[in-house]
Amino acid sequence: MRLIFLGAPGSGKGTQAKRLRDAHGIPQLSTGDLLREAVRQGSNLGKDAEEHIGAGRLVPDELVMALIADRMKQEDCEPGFILDGFPRTVAQAEALESTLSELSRSIDAVVEIRVDQGKLIERLVGRRICPKGHGEWHIRFNPPRVEGKCDVCGEKLTHREDDYEDTIRTRLEAYRNLTAPLIDYYQGRGLLRPVNGEGDMDEIAKEIEAIYQSTSESAC
Ligand code: AMP
């Protein structure tokens, strides 16, 4: 099963993609995570990407493609994958299509998580992340048991440098101008499966699970 999770920053697509990964054991490939890892490692690609990420702009398509095309060809992606935060431009979607067709593969469904734009800034400004990858919390909507500490490992939670209001506004603008056209792109290919991302997290996960099940039945 090959799925795309599409949605604005703060829509919850990362959280939901990880839940589906855990439920079905298929890898979740987040270009945001891969790029941040490249920045941490100080690779050439990471150095080129860093300034764009810090400013809330999209990283150039060719850098993102170099990163994700390799990752999709790894063995653990054989049974399928969940693309989280990729593609983010029509050029990336077209490049993805041709990479997959070289491998005689295609996308099965695109889960679009819809959240009112007005709610996204509040969600992102209050988001806090475990630096060891144990998840994310929100200072108001989902606070950790001990203020500022990860519930799993106790590590101090961090505030992502692009989760401050000015940068968030740039990221949302990039979403509206460059990524939202993908909604029509995938609608036109009959792949779009919209989900209301404003309700309870467990209910949203159930709706996505139903999409997963019906897509895997029709893929058989
Ligand atoms: P995310 O963790 O998905 O919110 O991504 C964080 C940042 O990484 C974005 O604001 C972009 O600067 C960059 N990024 C992640 N995925 C992509 C992509 N597919 N294309 C371009 N830039 C990306």
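Higher on the page you've got the structure.
As the structure is a prediction and not an experimental result, all values here were calculated from the model.

**Observations regarding the pattern of salt bridges**
Applying the stated criterion to the full structure yields 20 salt bridges. With a closest N to O distance of 2.9 Å, Arg36 and Asp33 form a salt bridge. A residue pair is termed a helical-turn pair when its members lie 3 or 4 positions apart in one helix, as Arg36 and Asp33 do in helix α2 (residues 31-41) at three residues. On the basis of relative accessibility, which here comes to 23%, the residue Arg36 falls in the partly exposed class. Relative accessible area serves as the criterion here: at 35%, Asp33 is assigned to the partly exposed category. One salt bridge connects Arg105 with Glu78, and the closest N-O pair in it is separated by 2.7 Å. A residue pair is termed long-range when its members are at least 10 positions apart, and Arg105 in the loop between α5 (90-102) and β4 (109-114) and Glu78 in the loop between α4 (61-72) and β3 (81-84) qualify at 27 residues.

**Thoughts on the nonpolar core**
Leu35, Leu83, Leu96, Ile107, Val110 and Tyr186 are the most contacted members of the largest nonpolar core, which totals 38 residues. If you tally residues by element for this core, the top one is α4, at six residues. With sequence-adjacent residues up to four places away left out, Ile107 is seen in contact with Arg2, Ile4, Leu83, Leu96, Leu100 and Leu191. The next biggest cluster of nonpolar side chains, apart from the first, holds 15 residues, and it includes Met1, Leu3, Ile204 and Ile208.

**Remarks on the sheet that holds β4**
Here five strands make up an open sheet; going across it, the order is β2-β3-β1-β4-β7 and the pairing parallel. Of all strands in the sheet, those bounded by a partner on one side alone are β2 (28-30) and β7 (192-196). With strand direction ignored, the average angle separating the axes of adjacent strands in the sheet is 20°. Bridge analysis of strand β1 (residues 2-6) against β3 gives four bridges, and the strand direction is parallel. Directly across from Ile4, in β3, lies its bridge partner Leu83. The strands touched by helix α9 (residues 201-219) within the sheet are β1, β4 and β7, with β7 carrying the most contacts at an inclination of about 160°.

Cut-off values and rules
Residues numbered from 1 in each chain as written. Predicted model: local features only at pLDDT ≥ 70, side-chain atom pairs only at ≥ 80, totals over all residues. Heavy atoms only, no water. Salt bridge = Lys/Arg side-chain N within 4 Å of Asp/Glu carboxyl O. Helix = DSSP H or I, 4+ residues; strand = E, 2+ residues; numbered from the N terminus. Buried < 20%, exposed > 50% of the residue type's maximum accessible area, 1.4 Å probe, protein only. Core = buried A, V, L, I, M, F, W, Y, C linked by side-chain atoms within 4.5 Å. Contact = heavy atoms within 4.5 Å. Pairing = 2+ DSSP bridges. Axes fitted to C-alpha atoms, helices over the stretch in contact; angles between N-to-C directions.

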